[in-house]
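Descriptive structure summary
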Amino acid sequence: MYNELLYYNKPAKHYMEALPLGNGSLGAMCYSSVGTDVISLNHDTLWTGHPRTIKKDGAYESYLKAQKLSLAGKYVKAQKEIEANFLTCWSQAYMPFGDLKLYFESDNFDTFKRSLDLSKAVLTNTYKSDGVSFKKTAFVSHPDGVMVYRIESENSKTFSFKAELDCPLKNETYTSDGYIIVDGECPGDADTQHPSYPCHNLIYSDKDEERGILFRGALKVETDGEITEDKADLDIKNATFATIYFTIKTSFNGFDKYPAIEGREYKNLCIETLDKAYKLGFDAIKDRHIADYKSYYDRVAFSLGTSDSQLIPTDERIKAFEKNKNDDDLYVLLFNFGRYLLISSSRAGTQATNLQGIWSNSIKPSWNCNYTTNINTQMNYWPVLPCNMPELMTPITDMLKTLSVTGEEVARNFYNAKGFVVHHNSDIWGFSYPVQGRACWGYWQGGSGWLCRSLFEIYEYTLNKDFLGKTAYPIMKKAAEFYLDILTEDEKGNLIICPATSPENNFKMGFGSSSTSKSTAMMNSIVLDLFTSCKKSCEVLSVKDDFYTKICDNIQKIKPLCIGKKGELLEWNEQLPEREVHHRHVSHLYALHPANIITYENDKELFNACKKTLEIRGDDGTGWSLAWKINFWARLRDGNHALSLVDKLLTLVDTDGENYHHGGVYPNLFDAHPPFQIDGNFGALSGICEMLLQSNGENIYLLPALPDKWKNGSVKGLAAKGNVTLDIEWTDGKVTDYTIHGNSKKLNIIKCK
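What comes next concerns the included structure. Computed from a predicted structure; not experimentally measured.

Focus on the pairing of strand 9 (residues 146–153)
Most of strand 9 is tucked away: 7 of the 8 residues are buried. In this sheet, strand 9 lies alongside strand 8 (residues 132–141) in antiparallel orientation, the contact comprising 8 bridges. The residue of strand 9 that forms the bridge with Lys136 is Ile151. Two successive antiparallel strands, strand 8 and strand 9, enclose a turn made up of 4 residues, where Gly145 displays a positive phi of approximately 65 degrees.

Spelled out as structure tokens, the structure:
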């Protein structure tokens, strides 16, 4: 039980101590306090902005000039050209709805407990206040589209409280017929043109075509007490129970629809959703919620044997673990929490998870809480397929459908190329332009290629040929057409992307530095990986056209990966001095993970070069960086090293501190970049899956990176490529039994332990 329970014996004081609930679109962070209880609220379509086209005169000419300079080895000049004449503006920002606040008569308490049951996605808070026992129960239902927050007292003791909704965005808040209603509007722009950083100033407009997303958030209370409306608040008196139903609906109607002019109806829908939930009632909604949630959660079960862990607060468990590392159930808790967050933040019909999933309380969030596509957005979806929840890939597929449209104009105007391209950032409007600032992040056209990897993996795991033919392949082909148009020959006749960067990293050049090179390992690997996926897709679909022929020809000509003087994999076109040896990004190992280009079986020399690269880079890093390294070491079949990085990730980070270079977890197990980024949670889950099971469509490797410490255990329901799932048991580090579910006729099972 203790590997499925987050537990605390005091109220949350900080956002990173509160506990998350969600149904894919509606998110809540529950502080579970006594005198003043706060629930911070989000909706996946509350973003600044509206559809727009960014013009950049001379961008293509600038690209050609930078390419010529890079081919001549004049990297600093090429970078200056890009930063001066090619980059554009920032993406839009994810916005919070605000807080539901409940004010009770007393803030005295004892015997306080609050917990989140990961097996049911239900939060429970119990305490005594002035001699009266209280119980609070909360969850966010996907079937019924509401957050439910129930307060009960013991032995029919009455209580009173006031409820209010506090929204930081432009809004009108009022009560009507027993509801609290917030009718609001997101800013039309997050000051995306600001030269240093976005969200400098939130901008509202009176012009309908420039207005942001409109929304309504509302609550209704079911109680045996008396309800009194007071302008924007509800007063509930003399109640023995009260159930609050809350939801949000917005006018967002697609990436290409102006929300104030062409938006969907949302006001009536909001009230209708509440009324249906109110009529259905607490017990029925709870049962429907748990059944829906468990239909995903119960597909996988992970155990490391019997445990003598005690019911102690989770933050204290993390502190104790830092000292003695003897709580194996904490690994399982991290694994289960990652699966919980996946189910709670990404469902069919919702937006893809952003940097914080659906949980953000700032109107000026770090990095706009957007989609950062040079690793973070992709990492959010790494564990979905291994954890046997392919339905949850729908949002990232929908996102790619949008980007394959919006990225066309960028490919055409910035590169004079066909197909589509995605750079380093995106948002709900399908932003795909090169963002402003520095070339080391702004000039990187790998987002489209990397995101397409998820499409082909959906096919590899499910063998859904219909999905491959109608959805995945057309988008992948379109992404490949862009790269086919911009590939350039180097002096040896190799095909490269030029100029190229390796996300957010730099190398030394004279007295300065540059991020712009003739080519990079990452960009060439992304192109090779995409072309290979397209080739395989054509063969599955029996397509042997000119595109297939061209792809096959280009695969042979892409510049091969190179090994440096120290035996490391070269990151840049040639051996160049590192500006930051221990940089958080390890982008040049893309071919090792997430791709399967480099494996022990097919190239031991490059395999060992990857290992040397990681040794040089070091084990420190931000939360998501640690998570990626777990996956790398798992692919290198070194379970002990992978586990040492899981241990680093399970380091408690101060809720008030933001050490940018050293990640860990907050008291609520949220990943600390710092600040909070959910990709670290998902990357850690993916890494543990990689430690237990790896597959390539032909071979399935059982326990390929099992750490010595995990002597005994079992895992049930993990998925492998080839449309199968596996149950594995092991004792003393050796596989003792396994069961494969599905058609495994063409798959080889290899016991690595």
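Some words on the packing of helix 10 (residues 447–462) against helix 11 (residues 465–486)
Axes are the key here: two packed helices are described by the angle between their axes and the distance separating the axes. Running from amino to carboxyl end, helix 10 crosses helix 11 at an angle of 160 degrees, the nearest separation of the two axes being 9 Å. Taken together, the axes of helix 10 and helix 11 lie roughly antiparallel to each other. Crossing hand, helix 10 versus helix 11: left-handed. Every residue of helix 11 that contacts helix 10 at Ser448, Gly449, Cys452, Leu455, Phe456, Ile458 and Tyr459 is listed here: Lys465, Phe467, Leu468, Ala472, Ile475, Met476, Ala479 and Tyr483.

Observations regarding the packing of helix 8 (residues 394–415) against helix 10
Running from N to C, helix 8 and helix 10 point in directions that differ by 130 degrees, and their axes come no closer than 10 Å. Taken together, the axis directions place helix 8 and helix 10 in an arrangement best described as oblique. Viewed along their axes, helix 8 and helix 10 form a crossing whose handedness is left-handed. Taking contact as the criterion, the partners of Ile396, Thr397, Leu400 and Leu403 in helix 8 are, on helix 10, Leu451, Cys452, Ser454, Leu455 and Ile458. Class assignment of the residues belonging to the contact of helix 8 with helix 10 gives a composition of 7 nonpolar, 2 polar and no charged.

What about the sheet that holds strand 8?
If you trace the 9 strands from one edge of the open sheet to the other, you get 1-6-7-8-9-16-13-12-11, paired in antiparallel fashion. The sheet is open, and its two edges are formed by strand 1 (5–8) and strand 11 (170–176), each paired on a single side. The mean inter-strand angle of the sheet, taken between neighbouring strand axes irrespective of direction, is 15 degrees. Here strand 1 pairs with strand 6 (residues 110–117) via 4 bridges, running antiparallel. Opposite Tyr7, over in strand 6, you have Ser115 as the bridge partner. Docked against the sheet, helix 4 (residues 282–297) engages strand 7 (122–129), strand 8, strand 9 and strand 16 (241–250), running at close to 50 degrees with respect to strand 8.

Procedures and definitions
Numbering of residues starts from 1 in every chain and runs along the sequence as written. A pLDDT threshold of at least 70 governs which residues receive local features in this predicted model, and a stricter bar of 80 or more applies before side-chain atom pairs are shown or counted, although totals over entire chains, interfaces and linings include all residues. To obtain the side-chain values, all non-hydrogen atoms of the structure were used and water was disregarded. Summary of the burial criterion: residues with accessible area below 20% of their type's maximum are buried, those above 50% are exposed, and those between are partly exposed, where the area comes from a 1.4 Å probe applied to protein chains only. Under the DSSP-based scheme used, a helix requires at least four consecutive residues in state H or I and a strand at least two consecutive residues in state E, with every element numbered from the N terminus. Whether two strands pair depends on DSSP finding at least two bridges between them. In this description, a line fitted to the C-alpha atoms serves as the axis of each element, helices being fitted only across the stretch in contact, and the angle between N-to-C directions of two axes falls anywhere from 0 to 180 degrees. Note on angle classes: values under 35 degrees are labelled roughly parallel, values over 145 roughly antiparallel, values of 65 to 115 roughly perpendicular, and the remainder oblique. Whether a crossing is left-handed or right-handed is set by the direction in which the near helix is turned from the far one by less than a right angle, anticlockwise for left-handed and clockwise for right-handed. Contact between two residues is taken to exist if any of their heavy atoms lie within 4.5 Å; hydrogens are not considered. Any residue that is not Ala, Val, Leu, Ile, Met, Phe, Trp, Tyr, Cys, Pro, Asp, Glu, Lys or Arg is counted as polar, Gly included; the first ten are nonpolar and the last four charged.

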